[in-house]
Amino acid sequence: MSNAFKSFFKKTQGFPKFKKKGQHDSFTLDGAIHIEYRKIKVPVIGRIKTYEILPTGYKPKSVTISKQADKWFISWKIDAEATQTEKKQEFVGVDLGINHLATLSTVEIFNGVKSYKKYESKLGRMQYLNRHKLRGSNNYRKAQIKIARLHQKIANIRKDTLHKITTYISKNHAVIGIEDLNVSGMLANGKLSKAISDMGFYEFRRQLEYKTQLYGSKLVIVGRYYPSSKTCSQCGAKKSSLSLSQRFFQCDHCGFECDRDVNAAINLKQEAVRLTVLACGLDSADTFRMKQEEKAGSC
Ligand SMILES: [Zn+2]
């Protein structure tokens, strides 16, 4: 039985909606799944040949077949064992931003591909050229497929970049502190919304959440109101205001100077240390070791 029906009978969700053909076409197979070298057995339809070789060594929990642009894709859900990796650093803070996608307290900086921006004009032109075509006509459909393919390309580039960064972070750090961003609130801000959705903050956090589990690290979400940007990471003094255009942090209290995002990342790391100590009730020796680590992370 599919998930939609299961949740309907459990009364957690309403009656499953039946989708219109051509909109988000996808279906999930669970139970006994028959896979061969290059074939998959689908109920009613029968055996389907695939373009790529299928992984036959695994027993997938479920298989989802979905249509993206004009192509069909198969995705697998398998139970993966957590693999502990050797961690370079115990604690790290990650600041997410618009200028740089991710800034680490180790002063490592990752830029997001602003994939959408790059293809935006191309996409706009395609949509413009399609404006007079008759809806449902062959030419309209052809153009729609082209547009969908470009959308897909943009999404793939974005996902791929995020995967590389989140894998690196979760493999190499034991505890990762990130800010609980109010993404929906930020998206409401017209000026920021496009840049933010292009960066994929949601996806970034989603990937970190499951990858930290996979690589045996821990994700600490620092509260939304923690002033990571306004606080001096060296003396703890808090600025009353710091405009978005100010890229450099300068402490009026101790004179500490630092890149704004790096300062925020160090604060997030320190907050992750504090929250971990609180949660674990570590003894003083452990806390001392962390304090040493904190100092090493300055810029
Ligand atoms: Zn200071």
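Residues numbered from 1 in each chain as written. Predicted model: local features only at pLDDT ≥ 70, side-chain atom pairs only at ≥ 80, totals over all residues. Heavy atoms only, no water.

So, on to the overall build of the chain. Per the secondary structure count, the chain includes 8 helices and 12 strands. A sequence separation of at least 24 residues applies to 59% of the contacts in the chain between residues at least 6 apart. (Helix = DSSP H or I, 4+ residues; strand = E, 2+ residues; numbered from the N terminus. Contact = heavy atoms within 4.5 Å.)

So, about the environment of Thr64. In this fold, Thr64 is placed in strand β4 (residues 62–68). Beyond its immediate chain neighbours, meaning those up to four positions away, Thr64 contacts Phe27, Thr28, Phe73, Ile74 and Ser75. Of note is the side chain of Thr64, whose polar atom sits 3.2 Å from the side chain of Thr28. (Polar contact = N/O pair within 3.5 Å; in protein donor to acceptor, adjacent residues only side chain to side chain.)

Before going further, it helps to spend a moment on the side chain of Ser233. With respect to the element layout, Ser233 can be found in the loop between β10 (218–222) and β11 (248–250). Excluding its chain neighbours within four sequence positions, the residues that come into contact with Ser233 are Phe256, Asn263, Ile266, Asn267 and Gln270.

Further remarks concern the sheet that holds β4. In spatial order, the strands read β1-β4-β5; together these 3 strands make up an open sheet with antiparallel pairing. For this open sheet the edge positions go to β1 (26–30) and β5 (71–77), each flanked by a neighbour on one side alone. For this sheet the average axis-to-axis angle between neighbouring strands, irrespective of direction, equals 20°. Direction of pairing for β4 relative to β5: antiparallel, over a ladder of 7 bridges. For Ser66, the partnering residue across the bridge sits in β5 and is Phe73. (Pairing = 2+ DSSP bridges. Axes fitted to C-alpha atoms, helices over the stretch in contact; angles between N-to-C directions.)

Moving on to the sheet that holds strand β8 (residues 109–110). A sheet is described by the order of its strands in space; here 5 strands give the open sequence β8-β7-β6-β9-β10, paired in mixed fashion. Where the open sheet ends on each side, the last strands, each with one partner, are β8 and β10. Bridge analysis of strand β6 (residues 89–96) against strand β7 (residues 102–104) gives 3 bridges, and the strand direction is antiparallel. Across the sheet, Val94 pairs through a bridge with Leu104, a residue of β7.

To continue, consider the coordination of the zinc ion. Protein-derived ligands of the zinc ion are Cys232 (SG), Cys235 (SG), Cys251 (SG) and Cys254 (SG), with the metal-ligand distances lying across 2.3 Å. Geometry at the zinc ion is tetrahedral, judged from its 4 donor atoms and the angles of 108 to 111° they form at the metal. Mapped onto the sequence, the donors of the zinc ion take the spacing C-x2-C-x15-C-x2-C. (Donors = N, O, S within 2.8 Å, 3.2 Å for Na, K, Ca; no water. Tetrahedral: all angles 85-135°; square planar, octahedral: opposite > 155°, others 65-115°.)

On to the packing of aromatic side chains, then. Both the distance between ring centres and the angle between the ring planes are used here to describe each pair of aromatic rings. Inspection of the entire model under this criterion finds 1 aromatic pair. For the pair Phe110 and Tyr168, a centre-to-centre distance of 5.7 Å together with 55° between the ring planes defines the contact as tilted. Of this pair, Phe110 sits in strand β8 while Tyr168 sits in helix α3 (residues 138–172); the two residues are 58 residues apart in sequence, bridging distant segments of the chain. Since its relative accessible area comes to 18%, Phe110 is described here as buried. Seen from the ring of Tyr128, Arg131 lies directly overhead, with NZ or CZ sitting 3.9 Å from the centre. Of note, Lys239 hangs over the ring of Phe249, and the distance from its end group to the ring centre comes to 5.4 Å. (Phe/Tyr/Trp six-rings, centres within 6.5 Å; stacked < 30°, edge-to-face > 60°. Buried < 20%, exposed > 50% of the residue type's maximum accessible area, 1.4 Å probe, protein only. Lys NZ or Arg CZ within 6 Å of the ring centre and 35° of its normal.)

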